[in-house]
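One-letter residues, chain by chain:
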Amino acid sequence: MSENNLEKNNLEGIEFYNASDDDLEFLAKVYYATRIEEFSMFGWSEDQLKSLLEMQFNSQKQSYSIQFPAAEHLIICLYQEKIGRIIINRTSEDLRLVDIALLPEFRNLGVGSKIITDLIEEAKRKTLPLTLQVARSNSAAFRLYQKIGFQVTGENEMYISMEWKIL
């Protein structure tokens, strides 16, 4: 799908399906797309970058499965085209947006905002807070979360913890 076929407010074509081992190649592609810029400044060869990102991807996958064993791992589709992934952990205390990532060509089109707004609506219905962590280096995501109404609840050297809750 080309960008020309997608208007910013025409997002009713967003769908999700459970990620499986068949999606590992796509999930790695999404991960690489979100991290390649950060690591390319080191001047490493393409093989070195690919090896590092593969190691990081596998480490993240293992870490999430340990921290959030019951989380939903979903593929985000727009008009049946895979465009990203989202991991959501639902508990009786909160909804946690563990991770959301879109391929670069689908960023800044309102897709992420729409998905997060839908999660906020779910949190409202369940009267639960929606929590997340954002990397300090991801200033675009941080600004988006602030704009949507998330508040900072904590921070460390790497991450900022945020929460959206019913006041």
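Look up a bit, the structure's there.
Residues numbered from 1 in each chain as written. Predicted model: local features only at pLDDT ≥ 70, side-chain atom pairs only at ≥ 80, totals over all residues. Heavy atoms only, no water.

J.: Let's hear about the nonpolar core: which residues, and what values?
T.: Counting 44 residues, the largest nonpolar core has I86, L97, V111, L130, Y145 and F150 as its most contacted members. Contact partners of F150, with chain neighbours within four places excluded, come to I116, I120, L130, L132, Y145, M162, E163 and W164. Listed in part, the 5 residues of the second largest apolar core include Y64, F68, A71 and I87. (Core = buried A, V, L, I, M, F, W, Y, C linked by side-chain atoms within 4.5 Å. Buried < 20%, exposed > 50% of the residue type's maximum accessible area, 1.4 Å probe, protein only. Contact = heavy atoms within 4.5 Å.)

J.: Any chance you could break down a nonpolar patch on the surface for me, citing the residues and the numbers?
T.: Nonpolar side chains collect at one region of the surface, where M41, F42 and W44 lie side by side and expose about 360 Å² of accessible area between them. Summarising the element assignment, F42 is placed in the loop between α1 (24–40) and α2 (46–67). (Patch = residues over 30% accessible without salt bridge, like charges linked within 9 Å, V, L, I, M, F, W, Y side chains within 5 Å. Areas by Shrake-Rupley, 256 points an atom, 1.4 Å probe, with all protein chains shown as cover. Salt bridge = Lys/Arg side-chain N within 4 Å of Asp/Glu carboxyl O. Helix = DSSP H or I, 4+ residues; strand = E, 2+ residues; numbered from the N terminus.)

J.: An account of the pattern of salt bridges is requested, with residue identities and associated values reported.
T.: Considering all chains together, one arrives at 9 salt bridges under this definition. Across the pair R90 and E72 runs a salt bridge whose closest N-O atoms are separated by 1.8 Å. One end of the pair, R90, is in strand β3 (residues 81–90); the other, E72, is in strand β2 (residues 72–78), with 18 residues separating them in the sequence. When its relative accessible area of 30% is taken as the criterion, E72 is described as partly exposed. The salt bridge partner of D118 is K114, with a shortest N-O separation of 3.0 Å. One end of the pair is D118 and the other is K114, both in helix α3 (residues 111–126) and 4 residues apart, which spans about a single turn. On the accessibility criterion, D118 (38% relative accessible area) is partly exposed. Residues joined in a network through salt bridges with shared partners are E72, R90, E122 and K126.

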